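# Observations on the three-dimensional arrangement
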Amino acid sequence: MAKYSLKINGKTQQIDVDPSTPILWVLRDHLNMTGTKFGCGMAMCGACTVHLDGTAVRSCSLPVSAVGKQAITTIEGLSADGTHPVQKAWIEHDVAQCGYCQSGQIMSATALLKTNPNPTDEDIDNYMSGNICRCGTYLRIKEAIKAAAQK
Amino acid sequence: MENTNTQNRRSFLKSSMLAGGGLMLSFSWLANAQAADKMAAMNLPDQWNELNGYIKITPDNVIKIICPNPEFGQNVMTSLPMMVAEELDVDWKNVVVEMGPHDNVKLGMQFTGGSNSVRMYWKPLRNAGASARQMLIEAAAQTWGVPASEITTQTGVLLHSSGKSAKYGEMASKAATIPVPKEVKLKTPKDFSIVSHSKKNTEGVKVVTGKPLFGIDYKVDGMLIAMIQHPPAFGMKLKSFDASQALKMPGIKDIFSFKLYYDGFEQGGFDTRTSNEMIAIVGKSTWEVMNARKKIKAQWEPTGDIKETMMGRGGKREVTIPGRLETTSDQLALMAEYGKKPAQQLRKDGDPETAFINAALVIERTYNAPFLAHNTMEPMNFFAHVSEDKALVAGPLQAPGWMEPTLSKILNLPADKIEIQMTRMGGGFGRRAYGQYVYEAARISQRLKAPVKLIYTREDDMTYGIYRPMYTATYRAALDANKNLIAFHVKGGGIPENPIHANRFPAGAVDNYLAEAWEIPSNITIGAFRAPRSNFNAAAEQSFLDEVAEAMGKDPIAFRLDLLKRAKENPVGKNNEYDADRYAGVLELLREKSGWDKPENKGKKRGVAAYFCHASYAGHVVDIVMRDGQPYVEKVTSAIDCGIVVNPDAAKNMVQGAVVDGIGNAFYGALTHKNGAAEQSNFHNYRIIRHNEAPKEIDVHFVQNDIDPTGLGEPPFPPVFGAVANALYKSTGKRFYNQPFSSEMSKS
Ligand code: FES
Ligand code: FES
């Protein structure tokens, strides 16, 4: 066990966990922030995507010991009421089916738009292909990203 | 024309006033916050007047609609309440939606599956809305001292010709004391103002803000986390294990083996279990449990043949489950061997044997498809808190009513002491109709005497699944010298279940017809997978028909329409399941919307397929282009006849999703075995369709009619496979007989 002080969504959180614990489980089990989802545990599906200093990372494969001072942003940190432009675009395009993958999709999309404010279809495909949607909402995700890019 | 419906008395309990009972479930989040009424929803009123099991109204006019069926992405938490709200005549903005408790008396069957939700609840929910409206009218009539016949409603307001008016909320407490009317009139489709008008997902905001909607998000104080070590292969069982090291790991509470079912347990149709004895690892947190699990030293041994008592369809029977450790190449060889043996005849019209002997040309093709894993994005999980005299279980589950009797038996508790709560599901596709993981969680909690959440890893989920069976079918068509189709024969089988729908198209359209089936018992567990059996048949049969049309020199759509014309005007045999008119209607719409006959489309590499299942008709035209040397489905045009479309935009989303799912499974889906063990364990070796592989465009069209809604979640899925296979032929010049097509491509 080791003590960590993590910056998450602008707040500092103290935890005492094994250094190998992935951020995914720190969030879900220890901090009760369950918006970040478990899908594969091996960086293959994107359900667990969070931002580390603004860059999208797979939290299932990121041990708490590797985070240091970097700031973590989760889906709960975008906005609690769905007013972030990407969340708004998702609601506007009624993207979700089961919705389980969507926190991860939104976190990837937000990171994409940060570095590439006007992505082409191909940019979106390339960037987003690490995020699986088993319900097949890919077309709407693309529409929502393009709509959010306009904002 | 107005429909008059007689209430089903059993489903309508006496209306009652419910004070302070706004939250029926402890496991319930604030009712859906529609933007305009966020405040109302957040500050939940403490008085809800319950007009019937589905409707509660507060004095200040917030309308709560209880959704009976669990949501797994098919949009029932929006479409079902829309049906209630339509007949209740309320402003959709004032509606909040809540998932109901498990209560089959009050809320009906509560089964999500079989594309059933909307069609099963179409009448009951509209009745619920209409009768509550009638009770409100009656309450106003009594209050104002006027005849009820003089009162009308307008979006949540009661109006009398004298100018008197009241909001529903003002009359709700009185209305709750009024007897439920025996008969109510329902609206005609042309008067719908909510149904058939797109409404946004009532949980959309919660989804995009990461609220704890799913079973895996469930948490109570003092809850422990559990995982299960199943045997490493089908056909293996636990011999012994040593957990001494694992038990010393931090956070671990207990490690033990247990049996899911007691000896002699009679398994119901949805009690499918992958193994009966397994090891449970219980601890404080997921990561600690995962780590301790790795330290368990377990010995496994072959099960040998197992005898079991099965209930469910077909009544009580003893079955022998073979102990064979299966390998995919052996399974394929075995299927080929069985395919040559005599099989069970399911349907015969005319004299197919003679017709085949007299044929000028016989076309014979064999199609194969592998096991498929459901791979719901949310892995199996469930919460359970079992104590001496009661049990609470909560999580993602398609069919609570089927789990309850088994829970009662294995926990030895009366059914009324078992509370089942249904969370939103991160996908289902049929997998969550089978509650093995519910029973496992309950067993573990019972032993620990503590609240426990069981979580499957992706590997557990994929390697110990309830798979889509492995299927094969051989089709034969006989043509006479004039290239007329004179006989059709399908003989299909599978491990462990056959795929044949003997009474579906082209049965009824061919004079001489024969359908036969066979099955190979297996210890690999199987169950429903989005459009069971159809998902294979539509691939095989629709590819075969394409080839037959080509041999006859006919256009594939025109060929199908000719057969359907025959089936309509002069049907062969009885029990033809489909409506030839609706089937043809979908093909006509597809022909029009895809521009099938347009000269500019003639050069396109396109394939068509249409299929009937779950009472609906669906077809697709798939356009393939070559991209980086690989065939890529660039565009799909879809046509569906599912009767009245309740929520058009969401329905379109569902069809697009089914198309993407179909393309993905046709190209990549496969779960293979080696010595009983699944060869794929996670998304690095089980390929799922991704963003870059989805079509650029999926153009969805619904047949417009006033037929009561039929299925939608499943019907668009099966014909994708056939349309893809037919487009692949156009694009590569090669027919694809074996799924997944990507493996076929890499062989050629
Ligand atoms: S759970 Fe992290 S990528 Fe799948
Ligand atoms: S919406 Fe279900 S997995 Fe994406």
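Residues numbered from 1 in each chain as written. Chains lettered and ligands numbered in written order. Predicted model: local features only at pLDDT ≥ 70, side-chain atom pairs only at ≥ 80, totals over all residues. Heavy atoms only, no water.

### Describing the overall build of chain A
Put simply, the rule reads: Working definition: helices are DSSP H or I runs of at least four residues, strands are E runs of at least two. Numbering for both runs from the N terminus. The globule rule is 2.2 Å times the number of residues to the power 0.38, and the radius of gyration it is compared with is taken over C-alpha atoms. Relative accessibility under 20% of the residue-type maximum defines a buried residue, over 50% an exposed one, and the middle range a partly exposed one, all with a 1.4 Å probe and only protein chains included. For the area figures, the Shrake-Rupley method with a 1.4 Å probe applies, and any residue is considered shielded solely by the protein chains shown. All tallies of charge rest on Lys and Arg as positive and Asp and Glu as negative; His and the ends of each chain are not included. Each charge is placed at NZ for Lys, CZ for Arg, CG for Asp and CD for Glu.
Along chain A, the regular secondary structure elements total 6 helices and 5 strands. Moving toward the C terminus, one meets the helices and strands of chain A in the order β-β-α-β-β-β-α-α-α-α-α. Taking 151 residues into account, the globule formula puts the C-alpha radius of gyration at 15 Å, and chain A, at 15 Å, falls close to it. Reported as C-alpha extents along the three principal axes, the dimensions of chain A are approximately 45 × 25 × 25 Å. When each of the 151 residues of chain A is scored for burial, the buried share is 60%. Accessible area of chain A: about 5,500 Å², with a carbon and sulfur share of 50%. Once the 14 positive and 13 negative side-chain charges of chain A are each reduced to a mean point, those two points are 4 Å apart.

### Remarks on the interface of chain B and chain A
Put simply, the test is: We call two residues in contact whenever any of their non-hydrogen atoms come within 4.5 Å of each other. Joining two parts hides part of their accessible area as seen by a 1.4 Å probe, and the buried area is that hidden amount summed over both. Definition used for salt bridges: Asp or Glu carboxyl oxygen within 4 Å of a side-chain nitrogen of Lys or Arg. Counting of polar contacts relies on pairs of N or O atoms within 3.5 Å, with two restrictions inside protein: one atom must be capable of donating a hydrogen and the other of accepting it, and residues adjacent in sequence are counted only when both atoms are side-chain atoms. Basically, the charged four are Asp, Glu, Lys and Arg, the nonpolar ten are Ala, Val, Leu, Ile, Met, Phe, Trp, Tyr, Cys and Pro, and anything else, Gly included, counts as polar.
Taken together, the contact pairs 63 residues of chain B with 55 residues of chain A. Surface buried jointly by chain B and chain A totals about 4,900 Å² across both partners, of which 57% is contributed by carbon and sulfur atoms. At the boundary of chain B and chain A, one finds 4 salt bridges. When the shortest N-O distance is used, the salt bridge between D217 of chain B and R28 of chain A registers 2.9 Å. Joining chain B to chain A, the criterion identifies 25 residue pairs in polar contact (both at pLDDT 80 or more). Of all the secondary-structure elements, those providing two or more residues to the side of chain B that touches chain A are α6 (204-208), α8 (286-293), α13 (458-463), α17 (648-668) and β33 (697-702) of chain B. Here the side of chain B that touches chain A is built from residues that sort into 24 nonpolar, 22 polar and 17 charged.

### Observations concerning the sheet that holds strand β24 (residues 452-455) of chain B
Residues and elements named next belong to chain B. Definition in use: The pairing criterion is simple: DSSP has to find at least two bridges between the two strands. Structural elements are reduced to axes, namely lines fitted to C-alpha atoms, with helices fitted over the stretch in contact, and the angle between N-to-C directions of any two is expressed from 0 to 180 degrees.
Pairing is mixed in the open sheet, where 7 strands are placed in the order β13-β15-β11-β24-β21-β22-β23. Two strands bound the open sheet, and with one partner strand each, they are β13 (252-259) and β23 (418-422). Averaged over neighbouring strand pairs, the angle between their axes works out to 20° when direction is ignored. Where strand β11 (residues 224-229) meets β24, 3 bridges bridge the pair, whose relative direction is parallel. Residue pairing in the sheet places I225 in a bridge with K453 of β24. Contacting β11, β13, β15 (277-283) and β24, α8 crosses the sheet at an angle of about 30° to β11. Contacts between helix α11 (residues 400-411) and the sheet are confined to β21 (381-386), β22 (391-395) and β23, with β23 contributing the most and set at about 145° to the helix.

### Re the pairing of strand β7 (residues 151-154) of chain B
Residue and element names in this part refer to chain B. Alternating residues of β7 divide into I151 and T153, all buried, and T152 and Q154, none buried. Sheet topology places β7 next to strand β8 (residues 157-160); 4 bridges connect them, and they run antiparallel. Each residue of the ladder has a partner; that of I151, found in β8, is H160. Where β7 folds back on β8, the antiparallel hairpin that results is connected by 2 residues, among which T155 adopts a positive phi of roughly 30°.

### A word on the packing of aromatic side chains
All names here are of chain B. Worth spelling out the cut-off: Only Phe, Tyr and Trp rings are paired, with Trp represented by its six-membered ring, and only when their centres lie within 6.5 Å; those with planes under 30 degrees apart are stacked, over 60 edge-to-face, the remainder tilted. Only lysine NZ and arginine CZ atoms are considered, and such an atom sits over a ring when it is within 6 Å of the ring centre and within 35 degrees of the ring normal.
What the rule picks out here adds up to 33 aromatic pairs over all chains. Seen from their ring centres, F667 and Y668 are 5.8 Å apart, and the 40° between their planes marks the pair as tilted. On the basis of relative accessible area, F667 is assigned to the buried category, the value being 4%. A network of ring pairs unites the aromatic residues Y367, Y475, F488, Y513, F544 and Y737 as a single cluster. The cationic tip of K64 hangs over the ring face of W48; the distance from NZ or CZ to the ring centre is 4.2 Å. For the cation-ring pair, K341 lies above Y338, with the distance from its terminal atom to the ring centre recorded as 4.1 Å.

### Brief notes about the confidence of the model for chain B
Residues and elements named next belong to chain B. Formally: One number per residue, pLDDT, summarises how confident the predictor is, and it ranges from 0 to 100.
Looking at chain B as a whole, the pLDDT averages 92, with 94% of positions reaching at least 70. Overall, residues 1-43 carries pLDDT values under 50, and its contacts beyond four positions in sequence, including any with other chains, amount to 121 contacts. Across the interfaces of the predicted complex, the ipTM metric reaches 0.98, alongside a pTM of 0.94.

### Overview of helix α9 (residues 328-340) of chain B
In plain terms, the rule: Expected helix span is given by 1.5 Å per residue-to-residue step, counting one fewer step than there are residues.
Between its first and last C-alpha, α9 of chain B extends 19 Å over 13 residues, near the 18 Å set by a 1.5 Å rise per residue. Elements that come into contact with the buried residues of α9 of chain B comprise β20 (361-369), β25 (470-479), β26 (485-495), β27 (512-519) and β31 (673-674) of chain B.

### So, the domain arrangement of chain B
All names here are of chain B. Rules: Domain limits in this description derive from either an automatic procedure or a database domain assignment.
By domain assignment, chain B separates into domain 1 (2-197), domain 2 (215-307 + 380-455) and domain 3 (532-747). Contact residues are listed per partner, giving 16 residues for domain 1 and 18 residues for domain 2. At the boundary of domain 1 and domain 2, one finds 0 salt bridges. Run the count over domain 1 and domain 2 and you get 3 residue pairs in polar contact (both at pLDDT 80 or more). Of the residues assigned to the side of domain 1 that touches domain 2, the class counts are 8 nonpolar, 7 polar and 1 charged.

### Observations regarding the sheet that holds strand β19 (residues 344-349) of chain B
All names here are of chain B. The 5 strands are arranged β19-β27-β26-β25-β20 in an open sheet whose pairing can be described as mixed. This sheet does not close on itself; its edge strands, each paired only once, are β19 and β20. Each adjacent strand pair in this sheet contributes to an overall mean axis angle of 10°, direction not counted. By the bridge criterion, 9 bridges tie β20 to β25 in an arrangement that is antiparallel. By the bridge assignment, L361 is partnered in β25 with L479. The strands touched by α9 within the sheet are β20, β25, β26 and β27, with β25 carrying the most contacts at an inclination of about 35°. Across the sheet, helix α14 (residues 534-552) is in contact with β20, β25 and β26; its angle to β25 comes to roughly 25°.

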